[in-house]
Amino acid sequence: MKETIAIIGAGNMGTAFYKGVREHLNRVRINLCDKNMEKLTALDAEHIYTDPAKAVAEASVVLLAVKPQSAQALLAPLSPALKHHLIISIMAGISITTLEQWTGATAVVRAMPNLPAQVARGLTGWTASAGTDDKERAFVKELFLSVGQEIELENESMLDSLTPLSGSGPAYFFLLAELIAAKAIKEGFTEKQANLIARETLIGSALLLDEDPRGVRDMRIAVTSKAGVTEAALRSLNDAKFENIFAEAIDRAIARSRELNA
Ligand SMILES: NC(=O)c1ccc[n+]([C@@H]2O[C@H](COP(=O)([O-])OP(=O)(O)OC[C@H]3O[C@@H](n4cnc5c(N)ncnc54)[C@H](OP(=O)(O)O)[C@@H]3O)[C@@H](O)[C@H]2O)c1
């Protein structure tokens, strides 16, 4: 029989994983489950369920992609059937211990993907319970590679450090785009031009970074001519201690991530 993964929750993330698995792990059957039939039919999936119990019944792997606040109610009636499943949770803030209690399973993976998983350029950090064997870990790796890159973390607390970096990272990138566009408007560009300036500059730079073998620091140095325009801007950021401001912002987010753990 084909290996089966039940994906519970066909929202932003569940859909990204559904597409990744469908494209890259086509040996695996996907049981896609959501409360909303419209979300399922919109995806043109082969095996769709609105009842999670039916979705997990013949699966060996369960990917939990619902909001953390929906998890306990979802898992309470399912737990007797989940003991021997590999449980993979991408839910923020729910610990492996809690997941073990809620599911009764011993093979439990807690992961933090990020939004670029939707375009198969996600970065997922993950860590597994001691009861997760090598074969299961290899599957987890393949699953995350189907939506981008993955990093296996040494322990769960590294997830709290990773979340403000890669999980929240897209927001910093969008903020930079917003700031570039806002300044462009102040300088007299139209809104349309300002958006084009911000988007193309950042997207183009990301593509360059993707293609160039140099590290980010070397890339930054290479585009900063001595006594030039770029250097004037970077010096101003340096004088304002931008590096410290950014590091403090991440520290605050790490502390918030720790507070939200259940
Ligand atoms: N979005 C991100 O960038 C991101 C990044 C990393 C991790 N995560 C984590 O990924 C998880 C999913 O996030 P998301 O943004 O994909 O959420 P989402 O878009 O709200 O998707 C969750 C889906 O699951 C459905 N659902 C809720 N309870 C269900 C149940 N009992 N049975 C079947 N379906 C159920 C929801 O339906 P209703 O809307 O009707 O409730 C919704 O369609 C969250 O736990 C989040 O912490 C998200």
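Preceding block: the structure.
A quick note: this is a predicted structure, and the numbers were derived from the prediction, not measured. (Residues numbered from 1 in each chain as written. Predicted model: local features only at pLDDT ≥ 70, side-chain atom pairs only at ≥ 80, totals over all residues. Heavy atoms only, no water.)

Novice: Please explain the packing of aromatic side chains as it appears in this structure.
Specialist: Two aromatic rings are characterised by how far apart their centres lie and by the angle between their planes. Evaluated as defined, the whole model comprises five aromatic pairs. Both rings, one in Trp 126 and one in Phe 144, keep their centres 6.4 Å apart while their planes meet at 45°; by these two values the pair is tilted. Remark: Phe 144 occurs in helix α6 (residues 134-145) and Trp 126 occurs in strand β7 (residues 122-128); sequence separation between them is 18 residues. For Trp 126, a relative accessible area of 1% corresponds to the buried category. According to the relative accessible area criterion, Phe 144 is buried, its value standing at 0%. (Phe/Tyr/Trp six-rings, centres within 6.5 Å; stacked < 30°, edge-to-face > 60°. Helix = DSSP H or I, 4+ residues; strand = E, 2+ residues; numbered from the N terminus. Buried < 20%, exposed > 50% of the residue type's maximum accessible area, 1.4 Å probe, protein only.)

Novice: Looking at this structure, I do not really get the site of the ligand. What am I missing?
Specialist: Among the 23 residues in the neighbourhood of the ligand, the closest are listed as Asn 12, Met 13, Asp 34, Lys 39 and Val 66. The separation between an oxygen atom of the ligand and a polar side-chain atom of Asp 34 is 2.7 Å. At 2.6 Å from an oxygen atom of the ligand is found a side-chain nitrogen or oxygen belonging to Lys 39. Listing elements by their share of the shell around the ligand, those giving two or more residues are α1 (12-24) and α4 (68-75). When residues of the shell around the ligand are assigned to their parent elements, the largest contribution, three residues, is made by α4. Tallied by class, residues from the shell around the ligand come to 14 nonpolar, five polar and four charged. (Near = heavy atom within 4 Å. Polar contact = N/O pair within 3.5 Å; in protein donor to acceptor, adjacent residues only side chain to side chain. Nonpolar A, V, L, I, M, F, W, Y, C, P; charged D, E, K, R; others polar.)

Novice: Is there a simple way to explain a nonpolar patch on the surface in this structure?
Specialist: Where nonpolar side chains cluster on the molecular surface, the patch consists of Leu 237, Phe 242, Ile 245 and Phe 246 and spans about 360 Å² of accessible area. Among the elements that take part in the nonpolar patch, helix α12 (residues 242-259) stands out by supplying three residues, more than any other. Take Leu 237: it is sitting in helix α11 (residues 229-239). By relative accessible area, which is 40% here, Leu 237 ends up partly exposed. (Patch = residues over 30% accessible without salt bridge, like charges linked within 9 Å, V, L, I, M, F, W, Y side chains within 5 Å. Areas by Shrake-Rupley, 256 points an atom, 1.4 Å probe, with all protein chains shown as cover. Salt bridge = Lys/Arg side-chain N within 4 Å of Asp/Glu carboxyl O.)

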